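Read off the chains here:
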Number of protein chains: 2
Amino acid sequence: MEFDLELSIDVLSRTPAAVRALLEGLDESWVRGTEGPGTFSPFDVVGHLIDGEETDWMPRARIILAGEADPVFEPYDRFRHTSRNAGRTLESLLGEFEHLRSDNLDEVRSWKLGSRELDLPGVHPVFGRVSLRQLLAAWVVHDLGHVAQISRVMAKQYTDAVGPWIRFLPVLTDHPVPRS
Amino acid sequence: MEFDLELSIDVLSRTPAAVRALLEGLDESWVRGTEGPGTFSPFDVVGHLIDGEETDWMPRARIILAGEADPVFEPYDRFRHTSRNAGRTLESLLGEFEHLRSDNLDEVRSWKLGSRELDLPGVHPVFGRVSLRQLLAAWVVHDLGHVAQISRVMAKQYTDAVGPWIRFLPVLTDHPVPRS
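All figures in this text were calculated on a predicted structure; none of them were measured in a lab.

Undergrad: Help me understand the interface of chain B and chain A in this model?
TA: By convention, interface size is frequently given as the accessible area that disappears when the constituent parts associate. Counting from both sides, the interface comprises 61 residues of chain B and, opposite them, 61 residues of chain A. The contact between chain B and chain A buries some 5,000 Å² in all, and 72% of this surface belongs to carbon and sulfur atoms. When residues of chain B are sorted by the area they lose upon contact with chain A, Met1, Tyr158 and Trp165 of chain B head the list and together hold 17% of the total. For the pair chain B and chain A, the interface holds zero salt bridges. At the boundary of chain B and chain A, one finds 14 residue pairs in polar contact (both at pLDDT 80 or more). Elements with a minimum of two residues in the side of chain B that touches chain A: helix H1 (5–23), helix H2 (28–31), helix H3 (42–66), strand E2 (128–131) and helix H7 (132–156) of chain B. Broken down by element, the side of chain B that touches chain A gets its largest block of residues, 14 residues, from H7 of chain B. In the side of chain B that touches chain A, the residues fall into 36 nonpolar, 13 polar and twelve charged.

Undergrad: Is there a simple way to think about the nonpolar core in this case?
TA: Here is a general trend for soluble globular proteins: nonpolar side chains tend to be buried in one another's company. Grouped together as the largest cluster of nonpolar side chains are 111 residues, with contacts concentrated most on Trp165 of chain A together with Trp165 of chain B. Residues in contact with Trp165 of chain A, not counting those within four places in the same chain, are Trp57, Arg60, Phe73, His124, Phe127, Val130, Gln134, Leu135 and Ala138 of chain B.

Undergrad: Honestly, the packing of aromatic side chains in this entry has me stumped. Any pointers?
TA: The relation between two aromatic rings is expressed through the spacing of the ring centres and the mutual angle of the planes. Within this structure, the stated rule accounts for 15 aromatic pairs over all chains. Ring centres 5.6 Å apart and planes at 75° place the aromatic pair Trp165 of chain A and Phe127 of chain B in the edge-to-face group. On the criterion of chain membership, the pair formed by Trp165 of chain A in the segment after helix H7 (132–156) and Phe127 of chain B in the loop between strand E1 (121–124) and E2 is interchain, its members lying in two chains. Accessibility assignment for this pair places Trp165 of chain A and Phe127 of chain B in one class, buried.

Undergrad: Looking at this structure, how should I read unusual backbone geometry?
TA: Trans is the prevailing form of peptide bonds, just as negative phi is the prevailing case for residues other than glycine. Residue and element names in this part refer to chain A. Even without being glycine, Lys112 reaches a positive phi, approximately 45°. Looking at where Lys112 falls in the secondary structure, it is placed in the loop between helix H5 (90–110) and helix H6 (115–118). Classification of Lys112 as exposed rests on a relative accessible area of 69%.

Undergrad: What am I meant to see in the relation of the copies chain B and chain A here?
TA: Copy one and copy two of the chain differ by a rotation about a common axis and a shift along it. Rotating chain B by 180° about the axis while translating it 0.0 Å along that axis superimposes it on chain A, leaving an RMSD of 0.0 Å. This pairing of chains is accounted for by a two-fold axis. The C-alpha atom lying nearest the rotation axis in chain B is that of Ala148 of chain B; the distance is 1.9 Å. The fraction of interface residues of chain B whose copies in chain A are also interface residues reaches 100%, indicating that both copies meet through the same surface.

How each quantity is defined
- Within any chain, residue numbers begin from 1 and follow the written order of that chain's sequence.
- The order in which chains are written sets their letters, starting at A; the order in which ligands are written sets their numbers, starting at 1.
- Local features in this predicted model are restricted to residues of pLDDT 70 or higher, and side-chain atom pairs are both shown and tallied only at a pLDDT of 80 or more, whereas totals for entire chains, interfaces and linings draw on every residue.
- Processing note: side-chain calculations cover all non-hydrogen atoms of the structure and skip hydrogens and water entirely.
- We call two residues contacting when some pair of their heavy atoms lies within 4.5 Å.
- By buried area we mean how much accessible surface two parts lose on assembly, using a 1.4 Å probe and totalling the loss over both.
- Any carboxyl oxygen of Asp or Glu that lies within 4 Å of a side-chain nitrogen of Lys or Arg is treated as forming a salt bridge with it.
- For this analysis, a polar contact is any N or O atom pair within 3.5 Å, provided that within protein one partner can donate a hydrogen and the other can accept it, and provided that sequence-adjacent residues contribute only side-chain to side-chain pairs.
- For the purposes of this entry, the term helix denotes a DSSP run of H or I that reaches at least four residues, the term strand denotes a run of E that reaches at least two, and both are numbered from the N terminus.
- Under this grouping Gly is polar, as are all residues other than the nonpolar Ala, Val, Leu, Ile, Met, Phe, Trp, Tyr, Cys and Pro and the charged Asp, Glu, Lys and Arg.
- The set of buried Ala, Val, Leu, Ile, Met, Phe, Trp, Tyr and Cys residues whose side-chain atoms join them within 4.5 Å is what this entry labels a nonpolar core.
- Only protein chains enter the calculation, and the probe is 1.4 Å; a residue is then buried if its accessible area is under 20% of its type maximum, exposed if over 50%, and partly exposed in between.
- Two aromatic rings, drawn from Phe, Tyr or Trp (for Trp, its six-membered ring), form a pair once their centres lie within 6.5 Å of each other, and the interplanar angle then sorts them: stacked below 30 degrees, edge-to-face above 60, tilted otherwise.
- All copies are superposed by least squares; the fitting set is the C-alpha atoms of residues with a pLDDT of at least 70 in both.

Next comes the structure, spelled out in structure tokens:
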């Protein structure tokens with residue numbers, strides 16, 4: 001599938017509601033469970049998505065659109081949320097994510113991007129030259145990957161509870177070495 | 001995490017809204033994309049979840065609760081939905097899933113299950129003796145696995161679009177040999 005700006009914004013606009021449907025009011029045993037030491041719980045994932053809104057996708061898109069000679073992105077801190085959100089409730093994070101995402105998509109729409117802008121380059125600190133189009137596609141995939149992660153991490157809390165059914169439930173044996 | 005009936009019903013009750021948040025009104029290019037020949041699109045996953053409501057979890061739970069001498073489950077047809085739902089719209093399937101799930105959870109609540117009932121046995125056609133508790137846990141995990149699958153399959157439609165970002169987006173390289 002080719003990148004499409006409107007279809008990408010559509011998916012990005014859905015993520016806060018999808019995450020809320022999965023998590024709002026859910027028991028802490030699901031919300032705080034992980035896949036093992038150093039891996040994200042669903043609570044952590046919401047914090048990570050907020051970090052993405054504030055420090056990753058939009059700042060990098062703005063660097064690209066500024067059109068400077070050397071559009072190098074700032075490195076991104078994948079663990080900013082762990083200190084930032086100590087003491088926060090899941091409910092407050094869900095609301096914050098919703099507002100940040102909504103404001104960010106309003107800003108993206110205001111840019112009225114055409115193919116000239118979508119082709120503009122940025123420089124990623126690890127893998128070098130990328131386009132604004134690739135950045136926006138990665139934002140969509142990043143969302144979907146983390147929705148999948150929330151579901152997978154929740155599922156794994158019942159790994160023992162399913163007994164022999166584990167053979168038919170591949171989500172329980174995905175990521176045996178946890179990635180996030 | 002130990003099996004908990006109320007917490008399980010809570011997760012099961014959320015799935016229709018989570019799937020709707022991800023898919024309702026979404027472009028066909030996302031809804032009908034797959035991971036390759038013989039694998040499920042998000043549309044197929046909704047049909048498969050409906051099949052589960054009608055022919056898998058509840059019929060098997062009823063067999064267990066009937067307490068017959070030989071509580072063997074019927075085999076389950078994972079591809080029933082492909083012929084059943086030809087010509088159906090996604091919107092109608094989302095509504096059908098919601099109603100079936102709601103009715104089924106009403107029935108589960110009406111059983112007033114305690115630990116005696118949850119320990120009752122059934123016989124799975126492939127792996128033999130299981131308990132009602134394990135069946136209900138597997139139902140929860142099955143839901144979560146398929147929510148993860150919907151997200152993963154959607155993400156993969158942008159595998160080429162993200163360019164070099166693929167290295168940091170493990171959802172794109174999960175299930176290189178597609179399962180479920």
